[in-house]
Amino acid sequence: MIPLRAARSPKLIAYLLLGSAAMLAALATGHGELVAVGVPFLIVLTWTLTIPRPALSGTAAAAPELLTEGGAVTTEVRLQSRGTPHRMELRTSLVAATGEIVGTAVDTLPLSRRRVATALAVSCPQLGRYGVPSVDLFAEDVFGVLAFTGHIDLARTVRVYPAAELLPSPPAPRHTQLRTGNHRSRARGDGIEYAGTREFVPGDHIRRVNARLSSRSPSLQVNEHVPERNTDIVLLLDTFTDLREAGRSSLAAAAHAVASLADVYLAERDRVGFAEFGGIVRWLLPGSGRMQLARILEALLDARLRLHYAWTGIDRLPPQLLPPNAFVIAVSPLIDGRTRQLVLDLWARRRDTAVLELSPLAFMPRPTGRKEALARRAWAVERRAERRELRSLGIAVGEWTYGEPLVEVIQDLDHFRRASAVPRR
Amino acid sequence: MTPAVASLALCGLAGVAATAHAGDAWRTVVLLGLIAVAVQATGLRSRRFAAVVVSGALLIAAYAMGSAGATDAVDPLAPAYGVCLLLMAELGFLALSIPMGLSGDPQARRRYLRSVTVVVLASLAFGEALVVAAGAIGSGAQLMLLAGAAAAVAIAGTLERLALASLRDFPAAEQ
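Values in this document were obtained by computation on a predicted structure and should not be read as measured data.

Sorry, what's going on with the overall build of chain B here?
Tallying secondary structure elements over chain B gives six helices and zero strands in all. Taken over 175 residues, chain B has a buried fraction of 41%. Summarising the internal contacts of chain B: among those between residues at least 6 apart in sequence, 73% fall at separations of at least 24.

Below is the structure:
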């Protein structure tokens, strides 16, 4: 049985006051017609007071527990009512960890039947951990004079993972590791892909001898192949800044990009590490496989803006996070100077670095006046100059506007890296 | 016509009816009617349900003032005036979404309209019976006592029901 609490309806008070006023006026003036004036209000009150209190029992269940951005949590409610039918409003909310209500679903049911079943769907626009605390009930009679409130406890936690975008080919790393993977190594060795021929030297396997070429040459020629190797990728998520506009969050958009990159690199059998670089630094050491993807997605759920006044620099990143020849991709709106400094420090330490710059303009309101528009343009020019400076150092910077396909920016990054000079060794 | 506009129109109509019923005190009644319309309009715009109560009370006061100046003859249109006030209040509350969820549910709308019709007809019938009775016994103190007792019973019943309802909500251990 669902406990219902009687709520004070404004209509009940209003009709009580108006009916009483008419009766008092009748008593004060001694005129019978004033009784007739107050009678309609008293009839409504008498009608509603004769209606028995609704008795409700039922269950509610919210599912699924795990879903991706844009999905919906559906709360199925089954109610059984006894007594005179009432109209009922069901309401359930999706509550973020901060207490902010991010979505609400409302359904109005005419309880003309004894058994009612309905489904309340709340869409989850952004990644994160959310709670579905309860289903709130609000019942009232036909006139809305008597109201009753109650709730069915759910206490369900929902995890909304970022919806990873399918990327056909990620930016190729400049250096590879020793394990087998899908990236072409710069070195020659055992592999499938043909790289060229050279003269036979003792130690070469006889099966590598190119018979046709050797028959036309004075010496034996052997085929060379490119070994397919994996690489270490470190994805840095800038949590110094979280711009919010119209329910969209720049941090959630950046997490979406990180999830997409992690997904594609792990599918290429690379080892992927993750670091949340902000007021507090959190990290996951490089690993491979679907389990690592699950770990990264879980870490992304907890990524949020954390203010801290301590200076955060490259020395806060553990050395194990950045293995030799690792490819570091920073996903950042490049607003906070500390992230830019981190990218420059990585470059100075000869790390293969690229920046996926999340355009902050998509998370800012439109300029309202001429002065604001001019300031915005000046800021855009300044940002463009900073981007050019990074590119002049050989650091690939791709600007991504949230809502546009990520794949185009990734391809631009790849083209820049292929076209730019080989970094210093 | 939206419920708010219809409620305002009925408010004005009730003011006019109260003025027509009034005798020498018509100026005061007109003033009260105008204030009631202004309060209703302001309240519906700012979505304050108290405005419906205040404007209804002002119109009842206007009618009572008109009745006080009138002769002993019982007004036969008093039940219609009461129904007009009820409809004004209902439309005002509908404009404030009370009862809720009415617009989106055709079945609820039909039930609501049926209930309002029943209440209006019952009010007219009961009011006319009262008026006839008052006319027969001359609007005397007996009828007033009867009306006062009925009102007291209705109000006490409401309060008792509310008190019982809140008592039932306490956990068993605290009872």
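I keep staring at the pairing of strand β19 (residues 327–332) of chain A and nothing clicks. Help me out?
Side-chain direction in a regular strand flips from residue to residue, so the side chains alternate between the two faces of the sheet. Residues and elements named next belong to chain A. In terms of burial, β19 is a largely internal element, six of the six residues being buried. Burial along β19 is two-sided: Phe327, Ile329 and Val331 facing one way and Val328, Ala330 and Ser332 facing the other are all buried. Across five bridges, strand β14 (residues 232–238) lies against β19 in parallel orientation. Of the residues in β19, the one forming a bridge with Leu237 is Val331. Relative to strand β20 (residues 352–358), β19 is paired through six bridges, and the arrangement is parallel. Along β20, the bridge assignment pairs Val331 with Leu356. Read as a crossover between parallel neighbours, the route from β19 over helix α6 (residues 337–348) to β20 is right-handed.

I'm lost on the nonpolar core in this one. Help?
Most often, soluble globular proteins keep nonpolar side chains buried together rather than apart. Residue and element names in this part refer to chain A. By size, the foremost hydrophobic cluster in this structure holds 153 residues, and its most contacted members are Leu235, Val258, Ala262, Ile329 and Val331. Among the elements that line this core, the one with the most residues is helix α4 (residues 250–267), at 13 residues. Dropping the residues within four chain positions of it, Val258 is found in contact with Leu235, Leu237, Phe274, Leu300 and Val331.

Explanation requested: the environment of Ile280 of chain A in the structure shown.
All names here are of chain A. With respect to the element layout, Ile280 can be found in the loop between β17 (271–277) and β18 (282–287). Overall, the presence of 14 C-beta atoms within 10 Å leaves Ile280 in the partly exposed class. Separated by 29 residues in the primary sequence, Ile280 and Tyr309 place their C-alpha atoms 9.9 Å from one another. Sequence-distant contacts of Ile280, defined by excluding residues within four places in its chain, comprise Arg306 and His308.

How do you make sense of helix α8 (residues 406–419) of chain A when you look at a structure like this?
Residues lying three or four places apart along an α-helix face the same way, a consequence of the helix completing one turn every 3.6 residues. Residues and elements named next belong to chain A. Relative to the 20 Å expected for 14 residues at 1.5 Å per residue, α8 spans 20 Å between its end C-alpha atoms, a close match to the ideal helical length. Considered for burial, the residues of α8 that qualify are Leu406, Val409, Ile410, Leu413 and Arg417. An end-on view of α8 places all buried positions within 100 degrees of arc, on one side of the element. Summarising the geometry of α8, the exposed residues directed more than 90 degrees from the buried face are Glu408, Arg418 and Ala419. Packing partners of the buried residues in α8 comprise α4, β20 and β21 (396–400).

Please clarify how unusual backbone geometry should be interpreted in this entry.
Trans is the prevailing form of peptide bonds, just as negative phi is the prevailing case for residues other than glycine. Residues and elements named next belong to chain A. In the segment running from Ala63 into Pro64, the intervening peptide bond is cis, with an omega of -5 degrees. Looking at the secondary structure, you find Pro64 in the loop between β2 (55–63) and β3 (66–68). The phi dihedral of Asn325 is positive, around 65 degrees, even though this residue is not glycine. Along the chain, the position of Asn325 falls in the loop between α5 (290–301) and β19. One non-glycine residue, Arg350, lies in positive phi territory at about 65 degrees. Looking at the element boundaries, Arg350 is found in the loop between α6 and β20.

Before we go on, may I ask you to explain the packing of helix α1 (residues 3–21) of chain B against helix α4 (residues 78–95) of chain B in this structure?
In helix packing, the relevant descriptors are the interaxial angle and the interaxial distance, both defined with respect to the helix axes. Residue and element names in this part refer to chain B. Relative to each other, α1 and α4 sit at 155 degrees, their axes nearing to 8 Å. Relative to α4, the element α1 lies roughly antiparallel. Relative to α4, α1 is oriented so that their crossing is left-handed. Residues Pro3, Ala4, Ala6, Ser7, Leu10, Cys11, Leu13, Ala14 and Ala17 of α1 touch α4, and the partners they reach there are Tyr81, Cys84, Leu85, Leu87, Met88, Leu91, Gly92, Leu94 and Ala95. Considered class by class, the residues forming the contact of α1 with α4 number 16 nonpolar, two polar and no charged.

Sorry if this is basic, but what is going on with the sheet that holds β20 of chain A here?
Strand pairing in a sheet relies on backbone hydrogen bonds, with the paired strands running either antiparallel or parallel. All names here are of chain A. Read across the open sheet, the six strands follow the order β18-β17-β14-β19-β20-β21; overall the sheet is mixed. Among the strands making up the open sheet, the edge pair consists of β18 and β21. On average, each strand axis in the sheet is inclined to that of its neighbour by 15 degrees, with strand direction left out of account. Sheet topology places β14 next to β17; seven bridges connect them, and they run parallel. Opposite Asp238, over in β17, you have Phe277 as the bridge partner. The sheet strands contacting α4 are β14, β17, β19, β20 and β21, and the helix crosses β14 at an angle near 175 degrees. Docked against the sheet, α8 engages β20 and β21, running at close to 165 degrees with respect to β21.

Would you take a moment to explain the sheet that holds β2 of chain A for this structure?
Residue and element names in this part refer to chain A. Overall, antiparallel pairing links the three strands, which are arranged β2-β4-β7 in an open sheet. Unpaired on one side and paired on the other, β2 and β7 (115–123) mark the two borders of the sheet. On average, adjacent strands in this sheet sit at an angle of 20 degrees to one another, irrespective of strand direction. Summarising the sheet, β2 and strand β4 (residues 72–82) pair through nine bridges and their orientation is antiparallel. The residue bridging Thr59 from the neighbouring strand is Arg78, located in β4.

Sorry if this is basic, but what is going on with the confidence of the model for chain B here?
Should pLDDT be low for a region, the predicted coordinates there are not to be read in detail. Of all residues in chain B, 71% have pLDDT values of 70 or greater, and the mean over the chain is 79. Across the predicted assembly, pTM comes out at 0.69 and ipTM at 0.83.

I'm lost on α5 of chain A in this one. Help?
Residue and element names in this part refer to chain A. Between its terminal C-alpha atoms α5 stretches 17 Å, which fits the 16 Å expected from twelve residues at 1.5 Å a residue. Three or more residues of α5 are buried, namely Gln292, Leu293, Ile296, Leu297 and Leu300. Seen end-on, α5 carries its buried residues on one side only, within an arc spanning 140 degrees. Turned more than 90 degrees away from the buried face of α5, the exposed residues are Met291 and Ala294. Buried-residue contacts for α5 involve β9 (147–161), α4, β17 and β18.

Would you explain the packing of α1 of chain B against helix α2 (residues 26–45) of chain B in this entry?
Residues and elements named next belong to chain B. Where α1 contacts α2, the axes come no closer than 9 Å and their chain directions differ by 170 degrees. As summarised for this structure, α1 and α2 are arranged roughly antiparallel, according to the angle between their axes. Contacts between α1 and α2 involve Ala4, Ser7, Leu8, Cys11, Gly12, Gly15, Ala18 and Thr19 from the former and Trp26, Val29, Val30, Gly33, Leu34, Ala36, Val37, Gln40, Ala41 and Leu44 from the latter. Class assignment of the residues belonging to the contact of α1 with α2 gives a composition of twelve nonpolar, six polar and no charged.

Calculation rules
- Residues numbered from 1 in each chain as written.
- Chains lettered and ligands numbered in written order.
- Predicted model: local features only at pLDDT ≥ 70, side-chain atom pairs only at ≥ 80, totals over all residues.
- Helix = DSSP H or I, 4+ residues; strand = E, 2+ residues; numbered from the N terminus.
- Buried ≥ 20, exposed ≤ 12 C-beta atoms within 10 Å, placed from the backbone.
- Contact = placed C-beta atoms within 7 Å.
- Pairing = 2+ DSSP bridges.
- Right-handed = clockwise from strand over helix to strand, strands pointing away.
- Core = buried A, V, L, I, M, F, W, Y, C linked by C-beta atoms within 7 Å.
- Expected span 1.5 Å × (residues − 1).
- Arc of directions from axis to C-beta.
- Axes fitted to C-alpha atoms, helices over the stretch in contact; angles between N-to-C directions.
- Parallel < 35°, antiparallel > 145°, perpendicular 65-115°, else oblique.
- Left-handed = near helix turned anticlockwise from the far one by under 90°.
- Nonpolar A, V, L, I, M, F, W, Y, C, P; charged D, E, K, R; others polar.
- pLDDT = per-residue confidence, 0-100.

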